[in-house]
Amino acid sequence: MSKDLQPTVDPTKMGVGRSIAVLTSGGDAQGMNAAVRATVRVGIYTGAKVYFVHEGYQGLVDGGEHICLASWESVSMMLQLGGTVIGSARCKDFRTREGRMKAACNLVKLGITNLCVIGGDGSLTGANEFRTEWSELLVDLVRDGKITEEEAKKSSHLNIVGIVGSIDNDFCGTDMTIGTDSALHRIIEVVDAITTTAQSHQRTFILEVMGRHCGYLALVTALACGADWVFIPEMPPDDGWENHLCRRLSDQRARGSRLNVIIVAEGAMCKDGKPITSDHIKKLVTDRLGFDTRTTVLGHVQRGGTPSAFDRILGSRMGVEAVMALLEATPDTPACVVTLSGNQAIRLPLMECVQVTKEVAAAMAQGRFDDAIKLRGKSFENNWNTYKLLAHINPPDVKSNINVAIMNIGAPCAGMNSAVRAAVRMGIIQGHSMLAVHDGFDGLAQGQIEPITWTSVTGWTGKGGSMLGTKRTLPGKRLEEISQNIAKFSIHALVIIGGFEAYVGGLELVQAREKYEEMCIPIVVIPATVSNNVPGSDFSIGADTALNAITSTCDRIKQSAAGTKRRVFIVETMGGYCGYLATMAGLAAGADAAYIYEEKFDIRDLEANVQHVVEKMKTTVKRGLILRNESCSPNYTTDFIFNLYSEEGKGIFDCRKNVLGHMQQGGTPTPFDRNFGTKMGAKAVLWLTDKLKECYRHGRIFANTADSACVLGMRKRALTFQPLVELKEDTDFERRIPKTQWWLKIRPIMKILAKYDIKLDTSEHADMEHVIKKSSFLGK
């Protein structure tokens with residue numbers, strides 16, 4: 001959050017005497033409400049007055065009751081709603097100087113000099129233009145007698161901060177725009193439903209998704225469902241693509257596939273600029289191949305529905321940062337936009353981002369398609385390259401004579417199968433023979449090992465759980481049998497996909513290298529667990545799916561509590577000793593408290609929380625939601641907390657409790673986990689291929705250095721390989737958690753949004769950065 005502040009600045013006094021207006025403009029996106037809610041509540045927390053502007057810029061021009069004071073309770077129950085509660089409209093009036101004069105007059109009369117605009121690049125450009133001509137507008141208003149000299153003096157400067165809300169993820173400078181993840185959820189729900197019917201009838205399905213100028217949704221959908229072909233505006237297909245497409249579809253059928261899926265972005269076109277429509281493709285496939293073909297145009301379904309957990313957390317974090325940026329701005333600060341870089345909220349100059357976004361469009365218009373993909377950012381480019389590699393079999397003529405084994409360890413989680421599929425296919429592309437180890441280290445010890453082929457992993461991205469089978473057993477007691485099977489099956493490298501046991505198991509194999517030469521092979525651990533507790537990675541595969549499962553259950557619980565009134569729910573989440581799920585679900589579901597092991601609490605804290613809920617029952621929001629991590633305290637159990645709240649709330653509220661249990665490990669993987677698993681699996685095998693070359697000596701593989709056994713983890717914004725041994729210092733083995741966890745810094749936001757009077761740490765500030773320096777813009 002914010003750094004140039006002297007420690008003497010009290011965040012709860014920063015906004016005293018200031019007024020902030022928040023508006024949503026342009027196309028709606030799921031998660032905008034989370035940003036509005038956070039902006040209002042954090043604004044009030046700092047002592048500022050916060051105003052809603054209804055119906056976007058039109059409301060700013062029309063004034064009157066369109067601009068009204070927001071209260072703490074007025075943003076209650078907004079988190080789980082799609083769209084934007086305060087309304088959005090395309091506004092012609094604001095494009096005229098006369099319209100902007102009216103808007104300026106309305107703001108001056110209310111003393112509003114801080115504007116938070118949530119929308120796409122058009123909306124944000126409009127805001128910057130408004131800010132640039134602000135002083136001229138005031139001069140004209142004084143001249144026309146609409147405002148006094150005194151009023152003009154008080155409102156001499158307008159601060160603008162933008163938050164990007166757009167389902168297309170078409171804004172350069174941020175990894176994700178608000179609404180993109182939720183739109184992917186809608187698309188993947190449809191893809192999953194369509195594939196079951198397509199398989200029954202051996203059909204080809206063509207799915208058209210939104211994205212007039214940006215192929216992000218189409219590309220990530222294709223990656224997440226293993227589509228046969230994808231058409232995106234940034235990279236039109238080569239001439240003669242019709243023959244290539246038909247050949248590929250026929251090949252897939254010849255290999256035994258019962259369906260074909262083609263994803264088309266609505267802005268797809270040929271190299272000569274002619275549009276490629278779903279009807280055009282349907283006619284081609286039907287006429288040439290005679291396949292039973294159906295098209296589905298998703299349209300506005302993608303904008304609708306409840307926001308995903310990711311979008312709620314993203315919106316909330318951006319709302320907090322936007323308020324801080326407004327209150328810290330000076331007349332010399334350029335208009336900024338709050339964006340996401342890895343897992344950090346950062347500030348960038350608004351017009352720099354808009355400029356790069358426009359450059360993408362210019363590159364496409366001029367036929368410089370390679371440049372367009374590069375300008376979209378490193379991650380978009382990686383998505384594109386990964387998709388091209390994994391979608392179609394193209395193994396090399398020369399085999400590498402290398403056998404790579406893949407296994408799952410620990411509890412099952414959604415997304416494991418995506419990682420396995422990507423690893424298997426990437427290995428085959430590299431010329432390796434891939435081996436599947438069933439049932440974890442037990443299977444490795446018992447020889448439950450068999451070859452796994454390209455087609456045997458078809459359709460795995462959308463499957464939850466673990467198709468290979470997984471167990472929690474560690475290798476320590478069975479090292480003799482494991483080493484014999486590594487030799488028997490000539491295993492040259494090992495991919496271990498799993499949770500904390502995968503990390504510890506990998507360490508045990510490394511430590512056994514001294515005694516067993518067979519263990520001297522490159523090993524890579526891919527973190528996959530709902531608990532998100534593997535050292536060396538900020539995120540684990542499976543955590544996003546679990547988080548969404550908890551969040552949607554909490555939504556239903558809140559709905560029940562809102563109906564009955566005066567009811568408090570105590571909900572227990574998984575995570576072992578790691579409080580990630582409880583904290584993030586608390587932020588995504590709008591919880592009043594989340595108890596975790598990492599943040600110690602005592603009976604006084606519990607009393608304060610109960611009192612807080614008692615006070616809340618005096619307002620219009622007569623319900624409470626308390627989350628508790630399963631291992632946060634041996635004595636303050638879920639039953640204890642339930643009994644405490646029940647006793648203390650007698651006559652004021654009643655209590656119910658829910659233990660969510662194993663539903664958090666199940667379900668189909670979210671788009672994030674499918675995509676993340678795919679990238680991790682592919683990257684792990686590419687790394688192993690390089691390591692095997694390094695370790696090849698005198699006709700055999702011998703790997704005994706620390707850096708030949710690594711965890712592949714997401715750190716801030718890059719996928720990095722870190723030696724298992726080096727991560728020992730940062731690991732609490734007894735409680736199975738890393739000693740440093742990035743998400744703990746987000747906990748104060750949850751408390752402030754629940755109306756706790758705590759001090760927000762404004763020391764760690766996102767200074768204004770510059771977009772041109774950034775190597776990677778997009779891609780979750």
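The structure presented is a predicted model; accordingly, all values stated were derived computationally and were not measured.

**Here's the deal with the packing of aromatic side chains**
- Applying the stated rule across the entire model yields 18 aromatic pairs.
- When the ring of Tyr-503 is compared with that of Phe-733, the centres are 6.1 Å apart and the planes differ by 15 degrees; the resulting orientation is stacked. Of the two residues, Tyr-503 is situated in helix H18 (residues 500-511) and Phe-733 in the loop between strand S26 (731-732) and strand S27 (737-738); the sequence distance between them amounts to 230 residues.
- Between Tyr-636 and Phe-640 the ring centres are 5.2 Å apart and the planes differ by 45 degrees, which places this aromatic pair in the tilted class.
- The partly exposed category is assigned to Phe-640, whose relative accessible area is 31%.

**Quick notes on the pattern of salt bridges**
- Overall, the coordinates contain 42 salt bridges when judged by the stated rule.
- Residue Asp-442 pairs with Lys-471 through a salt bridge whose shortest N-O separation is 3.8 Å. Here the residue Asp-442 occupies a position in helix H16 (residues 440-446), and Lys-471 occupies one in strand S15 (residues 470-471), the gap between them amounting to 29 residues.
- The exposure class of Lys-471 is partly exposed, given its relative accessible area of 38%.
- One network of salt bridges, in which partners are shared, links Arg-97, Arg-100, Glu-129, Glu-133, Glu-136, Asp-140, Arg-143 and Asp-144.

**A look at the sheet that holds strand S11 (residues 344-349)**
- Taken in spatial order, the seven strands make up an open sheet running S3-S2-S1-S4-S5-S10-S11, and their pairing is mixed. Each edge of the sheet is formed by a strand with only one pairing partner; in this case those strands are strand S3 (67-69) and S11. Going across the sheet, the axis of each strand differs from the next one's by a mean of 25 degrees, ignoring polarity.
- Running over the sheet, helix H4 (residues 121-132) touches strand S4 (114-119), strand S5 (159-164) and strand S10 (336-341) and is turned about 160 degrees from S4.

**Observations concerning helix H13 (residues 369-376)**
- Along H13, the positions that sit buried rather than exposed are Phe-369, Ala-372, Ile-373 and Arg-376. The buried residues of H13 occupy an angular sector of 95 degrees when projected down its axis, which confines them to one face. Pointing more than 90 degrees away from the buried face of H13 are the exposed residues Asp-370 and Lys-374.
- For H13, the secondary structure elements touched by its buried residues are helix H12 (350-365) and helix H14 (378-391).
- In the segment just after H13, Gly-377 is the residue with positive phi, at about 120 degrees.

**Points about the confidence of the model for the chain**
- The predicted model of the chain has a mean per-residue pLDDT of 92, with 97% of residues at 70 or higher.
- Across residues 773-780 the pLDDT falls below 50, and counting only partners more than four positions away or on other chains, this stretch makes 41 contacts in the model.

**Quick word on the sheet that holds strand S19 (residues 593-595)**
- Judged by pairing direction, the sheet is parallel, and its four strands sit side by side in the order S19-S20-S18-S21 without closing on themselves. The strands lining the two open edges of the sheet, one partner per strand, are S19 and strand S21 (654-659). Neighbour to neighbour, the strand axes of the sheet diverge by 20 degrees on average, direction disregarded.
- Sheet topology places strand S18 (residues 567-573) next to S21; six bridges connect them, and they run parallel. From the neighbouring strand, Val-568 faces S21, where its bridge partner is Cys-655.
- Of the strands in this sheet, S18, S19 and strand S20 (623-629) are in contact with helix H20 (residues 580-589), which crosses S20 at around 165 degrees.
- Seen against the sheet, helix H22 (residues 638-648) touches S18, S19, S20 and S21 and runs at an angle of roughly 165 degrees to S21.

**What about the pairing of S20?**
- Burial within S20 is extensive, with seven of its seven residues counted as buried.
- Burial of the side chains of S20 extends over both faces: Arg-623, Leu-625, Leu-627 and Asn-629 are buried on one face and Gly-624, Ile-626 and Arg-628 on the other.
- By the bridge criterion, seven bridges tie S18 to S20 in an arrangement that is parallel. Residue pairing for S20: Thr-573 is matched across the bridge by Asn-629.
- By the bridge criterion, three bridges tie S19 to S20 in an arrangement that is parallel. Residue Ala-594 lies in a different strand from S20, and its bridge partner there is Leu-627.

**Describing the side chain of Ser-708**
- With respect to the helices and strands, Ser-708 occurs in the loop between strand S23 (700-701) and strand S24 (709-715).
- The exposure class assigned to Ser-708 is buried, which follows from its relative accessible area of 0%.

**Points about a positive patch on the surface**
- On the surface, a cluster of positive charge is contributed by Arg-90, Lys-92, Arg-95 and Arg-212.
- Relative to the elements of secondary structure, Arg-212 occurs in the loop between strand S6 (204-209) and helix H8 (216-225).

What counts, and at which threshold
Residues numbered from 1 in each chain as written. Predicted model: local features only at pLDDT ≥ 70, side-chain atom pairs only at ≥ 80, totals over all residues. Heavy atoms only, no water. Phe/Tyr/Trp six-rings, centres within 6.5 Å; stacked < 30°, edge-to-face > 60°. Helix = DSSP H or I, 4+ residues; strand = E, 2+ residues; numbered from the N terminus. Buried < 20%, exposed > 50% of the residue type's maximum accessible area, 1.4 Å probe, protein only. Salt bridge = Lys/Arg side-chain N within 4 Å of Asp/Glu carboxyl O. Pairing = 2+ DSSP bridges. Axes fitted to C-alpha atoms, helices over the stretch in contact; angles between N-to-C directions. Contact = heavy atoms within 4.5 Å. Arc of directions from axis to C-beta. pLDDT = per-residue confidence, 0-100. Patch = residues over 30% accessible without salt bridge, like charges linked within 9 Å, V, L, I, M, F, W, Y side chains within 5 Å. Areas by Shrake-Rupley, 256 points an atom, 1.4 Å probe, with all protein chains shown as cover. Lys, Arg positive; Asp, Glu negative; His and termini not counted. Charge placed at Lys NZ, Arg CZ, Asp CG, Glu CD.

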